[in-house]
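Commentary on secondary and tertiary structure
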Amino acid sequence: MSDLGNVLVLAGGLSYEREVSIRSGRRVAEVLRAQGVDVETRDTDSSLVPSVLADRPTAVFVTLHGGAGEDGAIRTVLELLGVPYVGAAPDACRVAFDKPTAKAVVRSWGLNTPDSVSLPKETFHDLGASAVLSRIVDSLGLPLFVKPSRGGSALGASIVRSAEELPAAMVGCFAYGDTALIETYIEGVEVAVSVVDLGEGPVALPPVEIVPDGGAYDYAARYTAGRTEFFAPARLGDEAMAACEAMAVAAHSALGLRDVSRTDLIVDGDGKPWFLEVNVAPGMTETSLLPMAAEAAGRDLGALCRGLLEIAAGRRG
C-alpha cells in the first residue's frame, strides 16, 4: 500500500455519459497504480454507501460525467460520509453545471460570453414554438448554437445557420434535457483550457486547440480516435494564449471551483476569447483534453492525479 492509503475512483453512473465516465475512471486508475497508489474503482449503485462506511478510502477521485457526477449530488453524499474528494464542492458544482447560471456568473466578473437565452420546453409548448423561435432569431441573429442547459459531451448540441434549422435543433436538444440554452455562435478557434490547483493557487495548463474533421466537435468527434485533430499547445499568438489562460483561471475562481476544472472557449478572429462553459469533472480518456494539456506542460498525468488526491486527502476532517 502506498503512503496515500487506499483511494477510490468513482466511474460509471447512469447519465448519458456513462461509457465515457467508465473510460475516464479506467485511465485514472491505471496512471495512479503506476504511481504506486492502491486504487479501487466503483460504480455508483446501492452498494456504494455501505462499502465506503465499511472501508473508508483516504480520498475519492470522481470521474463521473454529467448528472450526479457534476451537479453536486454525489459530492454531497461523499460529504455526508465524511470522505474527501478531488474537485469542487457541491454548491459550486450546482452553479457551474447549469450553463446559463455559469455564464451569468462569469459575465458579472467581466468575462466575455456569447449573448444567449435559456428556456424550458414548456415555454415553446405553451406559447407556440414558431412565435418564440422567431423572436429568438430576431433578437440573437444567426448563426446560433443550441445545447441543453445541463450535461456535456456535446450531446443534444448543434450549430444552426438558418432559421429553418432551428426547430430540428430544439428537438435534438430536448432529447437530452428539459431546458435549452440558445446562444450566438462565435466563429473562431475552439480551445479548451484545463486548470489545476496543487496548493499554490489555480494554474492554467497549455490551451488545447480542437479541429474536428466534420467541423463540429460532437460526441463522435470527441471520443472516436482520429476524428479530431488536436494541437497542444494551441496555435495561437502569445497574447491570445495568455488571454485564454487568464480567462480559464478567472472562470475557475469566479465559480468557486477547486482542484481541477476545464473551461471551453472560442477565440474569435480578433484573438479575443469567449467563455462557453466549464467542466468540473474533465474527461480523462485517451482522447480527452486535460491529459493532452498535461503532456504539453511536461507533467506526468499520474503524478498530477496523485497530487490532486493528496490535496483532497489533506481536507479530511
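What comes next concerns the included structure. (Residues numbered from 1 in each chain as written. Predicted model: local features only at pLDDT ≥ 70, side-chain atom pairs only at ≥ 80, totals over all residues. Heavy atoms only, no water.)

1. Some remarks on the layout of surface pockets
Taken as a whole, the second largest pocket spans an internal volume of roughly 220 Å³. In this structure, the second largest pocket is lined by 16 residues; those nearest its centre are Gly67, Phe97, Arg150, Gly151 and Tyr176. Counted by class, the lining of the second largest pocket contains five nonpolar, eight polar and three charged residues. (1 Å grid on protein atoms, 1.4 Å probe; cavity = no way out; pocket = protein on both sides within 12 Å on 5 of 7 lines; lining within 4 Å. Points joined across faces, edges and corners; volume = space filled by probe spheres on them. Nonpolar A, V, L, I, M, F, W, Y, C, P; charged D, E, K, R; others polar.)

2. Looking at the pairing of strand E8 (residues 189-196)
Of all eight residues in E8, six are buried, a share of seventy percent or more. Judged from the eight bridges that link them, E8 and strand E12 (residues 260-267) form a sheet pairing that is antiparallel. Residue pairing across strands places Glu190 opposite Ile266, the latter belonging to E12. In this structure, E8 lies alongside strand E10 (residues 208-212), joined through three bridges in antiparallel fashion. The residue bridging Val191 from the neighbouring strand is Glu209, located in E10. Of the pairings in the sheet, the one linking E8 to strand E9 (residues 203-204) comprises two bridges and is antiparallel in character. The partner of Val196 across the bridge, within E9, is Val203. Taking the residues between adjacent antiparallel strands as the criterion, E8 and E9 are bridged by six residues, where Gly199 takes a positive phi near 110°. (Buried < 20%, exposed > 50% of the residue type's maximum accessible area, 1.4 Å probe, protein only. Helix = DSSP H or I, 4+ residues; strand = E, 2+ residues; numbered from the N terminus. Pairing = 2+ DSSP bridges.)

3. Some points on the nonpolar core
Judged by nonpolar contacts, the single largest core of 32 residues is most densely connected at Leu32, Phe61, Val86, Leu289, Cys305 and Leu309. Among the elements that take part in this core, helix H12 (residues 301-313) stands out by supplying seven residues, more than any other. Apart from residues no more than four positions distant in its own chain, Leu289 is found in contact with Ala192, Ser194, Val208, Ile210, Tyr217, Phe230 and Arg262. Counting 27 residues, the second-largest nonpolar core is a separate cluster that includes Ala96, Ala102, Met241 and Met247. (Core = buried A, V, L, I, M, F, W, Y, C linked by side-chain atoms within 4.5 Å. Contact = heavy atoms within 4.5 Å.)

4. Section: empty space enclosed by the protein
Applying the stated criterion across every chain yields a total of one cavity of 30 Å³ or more. Tallied by class, the residues present in the lining of the largest cavity amount to 10 nonpolar, two polar and one charged.

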